[in-house]
Amino acid sequence: MNKVEATFRIVTPMFLGGADSKAELRIQSIKGVLRFWWRTFAYPAVNGNLKKLAEKEAQLFGSNENCASFQLRLSSNDRNINKTSKGTIFQEMANPDQPGARYLGFGLMDAFDGKKTKAGRLSRGCINHGQDFSISAITRDKLSDDLIRTFKLFGLLGGLGSRSRKGFGSITLTRIKVNDREYWVRPETADAYRQELISLLGEATKYNQEPKISAFSKLTRINYIGTNPSPLSLLNTWGKQMQRYRSWGFKGKVNGRKSEQNFKKDHHWYRFIGNYRENDFHPRRVIFGLPHNYDSKKEEGCVTGKIHDRRASPLFFHIHEFSPRKYGAVALLLRSVFLPNGEKINAGGKSVPQAIEWKVLNEFFDNKKYFSNIVAWV
C-alpha cells in the first residue's frame, strides 16, 4: 500500500458546496479540479491527441468502464463556515476599501450599499480562509509521478469553488508526504515559487499549437503581479484594475476615478445608442468568458455562443501564500481554442460570426498602468 498526502491552505474565501449551496469541501469537486490540472500538462504530452488523452485519463482517474488507479480521501470536513442564514455580512468584504474584491465576487455577495443591498453581504455561505485541509491518494501500485505533479500544479496555481478563476477559493500546497515521510514543502519566496513552476511545466510550454482544450503551450502566459501581507488586498487590487479596464462607469467614474470607457461600442450596443443594434455587432469583451448577461430578463441583453452557451474565462488569477503575512499574486493566461470553428456568437438574439480578440486580454494582462510591478514569468 502506498500513500501520498497533500496539505493545502485556503488563502481566500471559498464558495464551494453542493446543490443546496451549503458551504462544504467536497471530494467530488476536488477530483474534478485535479482532472482539469492533469489535462493541462497531459494534453501537450500526447501532442494534442484527444483519444490518447481520454485513455490516459481513464487509466489514472477512472471512467464508467474502470476504476481509478487510486482512492482519494479528504481530511475532516469540519470547517469554519461563514453563514448567511440571518443576513450575516462578511466584514472584510463590507470594508469600503474593498470594491474590487466585491466586483470579482459579483453574484456571491452584494457589491454596494442600496435600498435592498448591503455591501459585502453574502448571497451564500463560504468557507473562511486561513484554514488547512488534506487529501490522500492511496494505491496498491507504484505512486504515479503524474498524480504528484497534478497535486503540485493544483496547489501552485489553482483554487476551488465559484469565482476560483477570479481568485476566490485560492489554495496553497504547503507540504506533500509520501508514505508518511516528508517529500516536498512549499517555496517561501517568489523566485523559488517561479522555479518550481518552470520545473513542473517542463516541455508543456513548448507545445507550438493552439490547444483544443485548456492546456499549456507556447501561447501560455504567466505574470507575477506583486506581493502583499494581505491576500484580500491582492484580490481587491486585481478586481479594481479589471473593473477599471472593463467597466463603463457610473456618471463617468469607476470607484471614484474617471472612467476609461475602453469598450464604447459594447456599451452603446447594450444601451441601444447609435446604430449598433442595426448591424451584425460582435461584443469585444466576449473573450472574458460567456455568457454575458447584461440584462438577464431580456434576450437583447444576453451574449452567448449560439450552440455552446458557456465558456469559462481563459484568464486565471491566483493568490499564493509563501509564509504567514506574505502573499503573492499570479495571473495565468491559458490560451486555447475559445469556441469551435463555425460556432457563432448570439448577441441580443442575432447570430454573428465569431471574431474573438485575444488582444483584449493581452492589453489588460501586460499593462503596467494597471500593475506597476508586473513581471513576465512565462
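Everything below is about the structure shown above.
In this report, the structure presented in the accompanying data block is examined. Every chain is numbered independently, its residues counted from 1 as its sequence is written. In keeping with the model being predicted, local features are shown solely for residues with a pLDDT of at least 70 and side-chain atom pairs are shown and tallied solely at 80 or more, while totals for entire chains, interfaces and linings include all residues. Side-chain figures throughout are based on the complete set of non-hydrogen atoms in the structure, without hydrogens or water.

## Notes on the packing of aromatic side chains
Whether two aromatic rings pair depends on their centres lying within 6.5 Å, for rings of Phe, Tyr and Trp, where Trp uses its six-membered ring; planes under 30 degrees apart make the pair stacked, over 60 edge-to-face, and the rest tilted. Under the defined criterion, the tally for this structure stands at 22 aromatic pairs. Relative to F70, the ring of F61 lies with its centre 5.9 Å away and its plane at 80°, an arrangement referred to as edge-to-face. You'll find F61 and F70 in the same group, each marked buried. Look at Y224 and W377: their rings are 4.7 Å apart centre to centre, the planes differ by 10°, and that puts the pair in the stacked class. With Y224 in strand 8 (residues 221-228) and W377 in the segment after strand 17 (375-376), the pair connects residues that are 153 residues apart, well separated along the chain. For the pair shown, Y224 and W377 are each scored as buried. By way of ring pairs, the aromatic residues W238, Y245, F263, F288, F317, F364, Y370 and F371 are connected into one cluster. Charge-over-ring contacts are defined here by two conditions on Lys NZ or Arg CZ: a distance within 6 Å of the ring centre and an angle within 35 degrees of the ring normal. For R277, the ring lying beneath its charged end belongs to W269, and the centroid distance is 3.8 Å. Buried, partly exposed and exposed residues are distinguished by accessible area as a fraction of the type maximum, computed with a 1.4 Å probe on protein chains only: under 20%, between the cut-offs, and over 50%, respectively. Secondary structure is summarised from DSSP: a helix means a run of H or I of at least four residues, a strand means a run of E of at least two, and numbering begins at the N terminus for each.

## Remarks on the packing of helix 7 (residues 231-246) against helix 9 (residues 358-366)
Axes here mean lines fitted to C-alpha atoms, for a helix over just the part in contact, with angles spanning 0 to 180 degrees between N-to-C directions. Close contact between helix 7 and helix 9 brings their axes to 11 Å; oriented N to C, the two are set at 135°. With respect to their mutual orientation, helix 7 and helix 9 come out oblique. Regarding helix 7 and helix 9, the two cross each other, and that crossing is right-handed. Between helix 7 and helix 9, the contacting residues are W238, Q241, M242 and Y245 on the first element and V360, E363 and F364 on the second. When residue character is reported, Ala, Val, Leu, Ile, Met, Phe, Trp, Tyr, Cys and Pro are called nonpolar, Asp, Glu, Lys and Arg charged, and the others, Gly included, polar. Residues belonging to the contact of helix 7 with helix 9 are distributed by class as follows: five nonpolar, one polar and one charged. Here is the rule for angles: anything less than 35 degrees is roughly parallel, anything more than 145 is roughly antiparallel, 65 through 115 is roughly perpendicular, and the remaining ranges are oblique. Two helices that cross are described as forming a left-handed crossing if the nearer one is turned anticlockwise from the farther one by less than a right angle, and a right-handed crossing if clockwise. Contacts are assigned to residue pairs that have any heavy atoms within 4.5 Å of one another.

## As for the pairing of strand 1 (residues 2-10)
Two strands form a pair only when DSSP identifies at least two bridges running between them. Here strand 1 runs beside strand 5 (residues 132-139); their pairing, made up of eight bridges, is antiparallel. Among the inter-strand pairings, A6 is bridged to a residue of strand 5, identified as I135. Of the pairings in the sheet, the one linking strand 1 to strand 6 (residues 171-178) comprises seven bridges and is antiparallel in character. Each residue of the ladder has a partner; that of R9, found in strand 6, is T172.

## Topic: helix 9
Buried within helix 9 we find W358, V360, L361, F364 and F365. The arc that holds every buried residue of helix 9, seen down its axis, measures 155°, which confines them to one face. For helix 9, the elements touching its buried residues are strand 8, helix 7, strand 13 (315-323) and strand 14 (326-333). This arc is built from the directions going out from the helix axis to the C-beta atoms.

## A word on the sheet that holds strand 8
Hydrogen bonds between backbone atoms are what pair the strands of a sheet, whose relative direction is either parallel or antiparallel. Overall, antiparallel pairing links the four strands, which are arranged 13-14-8-17 in an open sheet. Since the sheet does not close on itself, it has two edges, and those belong to strand 13 and strand 17, each with one partner. In terms of strand pairing, strand 8 meets strand 17 through two bridges, oriented antiparallel. Bridge assignment links N223 to a residue of strand 17, and that residue is A376.

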